Amino acid sequence: MVGLALLLAVAGQTGVLNPFQGVFLKATSPVSGAFNGVFRPVASFLADAGDLRAIQAENRELRLENEELRALLIEGQRDSERVQELEEALGILERTGDQTLVAASVVSRASTSFDSVVSINKGSNDGIKNGMVVLSSKGTLIGTVTKTFPDSCFVRLLNDSRSKVNAEVQQSKVRGVVRGNPGRTLTFDLAEADVKVGDIIVTSGLGGNYPAGLPIGRVSEVSGTAQDLYRKVNVEPMVRLSTATTVLVLTSFTPQRIDVSGR
Amino acid sequence: MRSALVALLLILAAVAQVTVAPLFPLGSAVPNLALLTLVLVGVIGGAPAVMLGTPVLAISLGFLSDRSPALLLLGYLPLLPLAAYLDTASIPMSRYFQTLSTMVVVGLTVRGLLALAAMSSGASLTLGVVLWQVALAGMIFDAALLTLAYVPLRFVGLEPRALTLERGSF
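Now for a quick tour of the structure.

What counts and how
- Residues numbered from 1 in each chain as written.
- Chains lettered and ligands numbered in written order.
- Predicted model: local features only at pLDDT ≥ 70, side-chain atom pairs only at ≥ 80, totals over all residues.
- Heavy atoms only, no water.
- Pairing = 2+ DSSP bridges.
- Helix = DSSP H or I, 4+ residues; strand = E, 2+ residues; numbered from the N terminus.
- Axes fitted to C-alpha atoms, helices over the stretch in contact; angles between N-to-C directions.
- Salt bridge = Lys/Arg side-chain N within 4 Å of Asp/Glu carboxyl O.
- Buried < 20%, exposed > 50% of the residue type's maximum accessible area, 1.4 Å probe, protein only.
- Contact = heavy atoms within 4.5 Å.
- Buried area = accessible area lost by both parts, 1.4 Å probe.
- Polar contact = N/O pair within 3.5 Å; in protein donor to acceptor, adjacent residues only side chain to side chain.
- Nonpolar A, V, L, I, M, F, W, Y, C, P; charged D, E, K, R; others polar.

## Considerations on the sheet that holds strand E10 (residues 215-223) of chain A
Residues and elements named next belong to chain A.
Argument step 1. With antiparallel pairing, six strands are arranged side by side around a closed barrel as E6-E7-E8-E11-E10-E9. Direction aside, neighbouring strands of the sheet carry axes that sit 40 degrees apart on average.
Argument step 2. As paired strands, strand E6 (residues 164-169) and strand E7 (residues 175-181) are joined by five bridges and run antiparallel to one another. Paired with glutamate 168 across the strands is arginine 175, a residue of E7.

## A look at the pattern of salt bridges
Argument step 1. Scanning the model with the defined rule gives eight salt bridges over all chains in all.
Argument step 2. Among the ionic pairs, arginine 162 of chain A bridges to aspartate 160 of chain A, the shortest N-O distance being 3.0 Å. Across this residue pair, the class does not change: arginine 162 of chain A and aspartate 160 of chain A are buried.
Argument step 3. When the shortest N-O distance is used, the salt bridge between arginine 111 of chain B and aspartate 142 of chain B registers 2.9 Å. Of this pair, arginine 111 of chain B sits in helix H6 (residues 95-120) while aspartate 142 of chain B sits in helix H7 (residues 127-155), and the two are 31 residues apart along the sequence.
Argument step 4. Overall, the relative accessible area of 12% leaves arginine 111 of chain B in the buried class.
Argument step 5. On the basis of relative accessibility, which here comes to 1%, the residue aspartate 142 of chain B falls in the buried class.
Argument step 6. One connected set of salt bridges, linked through shared partners, spans Glu168, Lys173 and Arg175 of chain A.

## Here's the deal with the interface of chain B and chain A
Many descriptions give the size of an interface as the accessible area lost when the pieces come together.
Argument step 1. The interface of chain B with chain A comprises 46 residues on the first partner and 43 residues on the second.
Argument step 2. Of the roughly 3,700 Å² buried at the junction of chain B and chain A (both faces included), carbon and sulfur atoms supply 71%.
Argument step 3. Its largest share of buried area at the contact with chain A, chain B owes to Leu23, Phe63 and Asp66 of chain B, together 19% of the area lost on that side.
Argument step 4. Scanning the region where chain B abuts chain A turns up two salt bridges.
Argument step 5. At the junction of chain B and chain A, the tally comes to four residue pairs in polar contact (both at pLDDT 80 or more).
Argument step 6. Those elements that provide at least two residues to the side of chain B that touches chain A are helix H1 (2-19), helix H3 (47-65), helix H4 (69-76), H6 and H7 of chain B.
Argument step 7. Of all the elements, H3 of chain B adds the most residues to the side of chain B that touches chain A, at nine residues.
Argument step 8. Across the side of chain B that touches chain A, the residue classes tally to 30 nonpolar, 13 polar and three charged.

Here is the structure:
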């Protein structure tokens, strides 16, 4: 058995197992789909039943936020029309369609206290490559492609303890690093200026692995004193990473440095 | 035929580990359905079933979760020797507690190895995190799961088998 483990280790390092892994993932995807179809509604129901009060409070907040957003939308539409008029007047051509996204469904997820990886049902046949950026259906950053097969690929989520993203506060442009931590939480580390609860954290684009300006999350807690060099800043992702079922792979952005080693 | 059934069951357990288990977390720990199935296969099918099932489970789970199958195989490896030792050693312990001890120790080995692998690839884990969030939470989960699974087995009258490898069996 130890000999077999050694053989598997060598085969895994040399990539001999990759074709077999691709075939295995394809063969088991119908079973994964069936399990997801049966158990996801059950888990969702149980989670909702446990959080009834929180859901009611969240519902009230969302209604208020919805009204504010409707007002902003109307204002935005007016501004957009105005900008269009001005662009036409100045002869500026608007660039559209410069982002190509591939929609995919989450097939399975491997999560422990320190790792958070999902597999999706699109792969290299759909133009997906290692290192590509993965977004939620709402357009927020959720992870990076780490391994591709013809019909599927693995995505390391932001809350995996091996994930690190150069980021900044949207309003103040304070820079730092969003890091996944044990227990599948996110922190905004190395921020050298004040960060407030409610600040929105976006990608900074530094390092070239992510495009700038992708929303990551909102600051949920800041702890430490003003004398600390770096305060501890907890970040709440914009979407629940553990329950995302549909994701978008940004195939038009090519990362400059691909660093997805480590398993 | 029986070997094929064991292999199929463990492949299904690996699929359940990456689809069903993450849906029912306890804090940051998830149930180890794959290990539970392997232990139950051993309890019902004996040592030969575990000998066949361990590599099948390690490879299936490694493929499905993008972890090293070799690492998982090493993690599951203590199952058989430990169960056999508890069988033969004259420790006053019921079959249930023998199985429970085996499952908890193997669960700790698997989680410990995965934590070490994560640390070697850049994860910032501290000893406290490994002990509380990985080891302790995992132990409680494993013990609770085995107890839940053991009750129906006893209810239908299944007598747990010894996991000692008999001379001449292979």
